[in-house]
Amino acid sequence: MPQLHIALFAFLAATLQTSLFTPFALVGAKPDLLLTLAIFLALYGDEEEWPLRFWLLGLFKDILSVGPLGLHAFTFAIAAIAAGKLRREIFRDHPINRALVVFFAALLANGTAAILQAVLLNSFRPGMLLTILFAEATYTAALAPVMMSVLMRFRLLLGIRRTPDISRAL
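J.: Now, about the overall build of the protein: what can you tell me, with residues and values included?
T.: Looking only at helices and strands, the protein features 6 helices and 0 strands. Scanning the protein from its N terminus toward the C terminus, one meets helices and strands in the order α-α-α-α-α-α. The C-alpha atoms of the protein give 15 Å as radius of gyration, which agrees with the globular expectation for 170 residues (15 Å, within 12%). Considered along the principal axes of its C-alpha atoms, the protein spans approximately 50 × 35 × 30 Å. Across the 170 residues that make up the protein, the buried fraction comes to 45%. Counting only contacts in the protein whose residues sit at least 6 apart along the sequence, the fraction spanning at least 24 positions is 72%. Summing over all exposed atoms, the protein offers an accessible surface of approximately 9,200 Å²; the carbon and sulfur share of this is 72%. Both charge centroids of the protein, one from 14 positive and one from 10 negative side chains, sit 4 Å from each other.

Structure representation (structure tokens):
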């Protein structure tokens, strides 16, 4: 049953990402709420469910965007698995840590996808690409603590049990 709720939250995140934040784009960049959902699941979800959920969230972004099918699915899976490996190393409930993890995940996932698409389309302009990537990662990271706080309120629907944070950072 959590898969249905995750799909509902993914649809809601995609809708907000493509409609609500379009007028508020910074340097042409919008926040990646689907990636934030994937990172949230990586930090708080069950480890057995990881790769498939991340891949499906990325595939959903692939379906809604232009580019090769499976590119975001692959980069989301890599970034979220990397973030999931950090879950015991950081204090994941701190808003700054949440923002930093999402920032670097956005740079990794969306940066890899953007560079590959730019190279494949022969439209590689490093200055513009880096500006947009940094703006998107910053925008996504700024909204991540708020979005994750909202998602924590629905953690039972998402199949996430409340467990104390026993990271090594304590």
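J.: Lay out the packing of aromatic side chains with the relevant residues and their values.
T.: Evaluated as defined, the whole model comprises 5 aromatic pairs. On the basis of an interplanar angle of 40° and a centroid distance of 5.1 Å, the ring pair of F40 and Y44 is categorised as tilted. Here F40 pairs with Y44, and both are found in helix α2 (residues 33-44), just 4 residues apart, close to one helical turn. One exposure class covers both F40 and Y44, and it is buried.

J.: Please set out the side chain of N110 residue by residue, giving values where relevant.
T.: Here N110 lies in helix α5 (residues 95-120). Judged by its relative accessible area of 3%, N110 falls in the buried class. There is a polar contact of 3.0 Å between the side chain of N110 and the side chain of D32. Polar side-chain contacts of N110 include one of 3.5 Å to the side chain of E136. In this structure N110 touches D32, L35, K61, H72, F76, A105, L133 and E136, once residues within four positions along its chain are discounted.

J.: Any chance you could break down the layout of surface pockets for me, citing the residues and the numbers?
T.: The calculated volume of the largest pocket comes to roughly 860 Å³. Taken together, 31 residues form the lining of the largest pocket, with H72, A114, Q117, I132 and E136 sitting closest to its centre. Listed by contribution, the elements that provide at least two residues to the lining of the largest pocket are α1 (2-20), α3 (50-64), α5 and α6 (126-153). For the lining of the largest pocket, the element with the highest residue contribution is α5, accounting for 6 residues.

J.: Which residues make up α5, and what are the values?
T.: For α5, built from 26 residues, the straight-helix expectation of 38 Å at 1.5 Å per residue is met to within 8% by its first-to-last C-alpha distance of 37 Å. Most pronounced at G111, the bend in α5 amounts to some 25°. The first or second residue beyond α5 is N122, which carries a positive phi of 55°.

J.: Hey, could you go over the environment of T138 for me, with residue numbers and the actual values?
T.: Examined against the element boundaries, T138 turns out to sit in helix α6. You can call T138 partly exposed: its relative accessible area is 34%. For the pair T138 and L64, spaced 74 residues apart in the sequence, the C-alpha separation amounts to 22 Å. Looking at T138, its side chain comes within polar contact range of the main-chain oxygen of F134, at 2.7 Å.

J.: Report on the confidence of the model for the protein, specifying residues and quantitative values.
T.: Looking at the protein, the pLDDT average stands at 89 and 94% of residues meet or exceed 70. In the model of the protein, α3 stands out as the element of lowest mean pLDDT, 90, in contrast to α2, which has the highest, 95.

Each value, and the rule that gives it
Residues numbered from 1 in each chain as written. Predicted model: local features only at pLDDT ≥ 70, side-chain atom pairs only at ≥ 80, totals over all residues. Heavy atoms only, no water. Helix = DSSP H or I, 4+ residues; strand = E, 2+ residues; numbered from the N terminus. Rg over C-alpha atoms; globule rule 2.2 N^0.38 Å. Buried < 20%, exposed > 50% of the residue type's maximum accessible area, 1.4 Å probe, protein only. Contact = heavy atoms within 4.5 Å. Areas by Shrake-Rupley, 256 points an atom, 1.4 Å probe, with all protein chains shown as cover. Lys, Arg positive; Asp, Glu negative; His and termini not counted. Charge placed at Lys NZ, Arg CZ, Asp CG, Glu CD. Phe/Tyr/Trp six-rings, centres within 6.5 Å; stacked < 30°, edge-to-face > 60°. Polar contact = N/O pair within 3.5 Å; in protein donor to acceptor, adjacent residues only side chain to side chain. 1 Å grid on protein atoms, 1.4 Å probe; cavity = no way out; pocket = protein on both sides within 12 Å on 5 of 7 lines; lining within 4 Å. Points joined across faces, edges and corners; volume = space filled by probe spheres on them. Expected span 1.5 Å × (residues − 1). Bend = angle between axes of the 7 residues up to and from the residue. pLDDT = per-residue confidence, 0-100.

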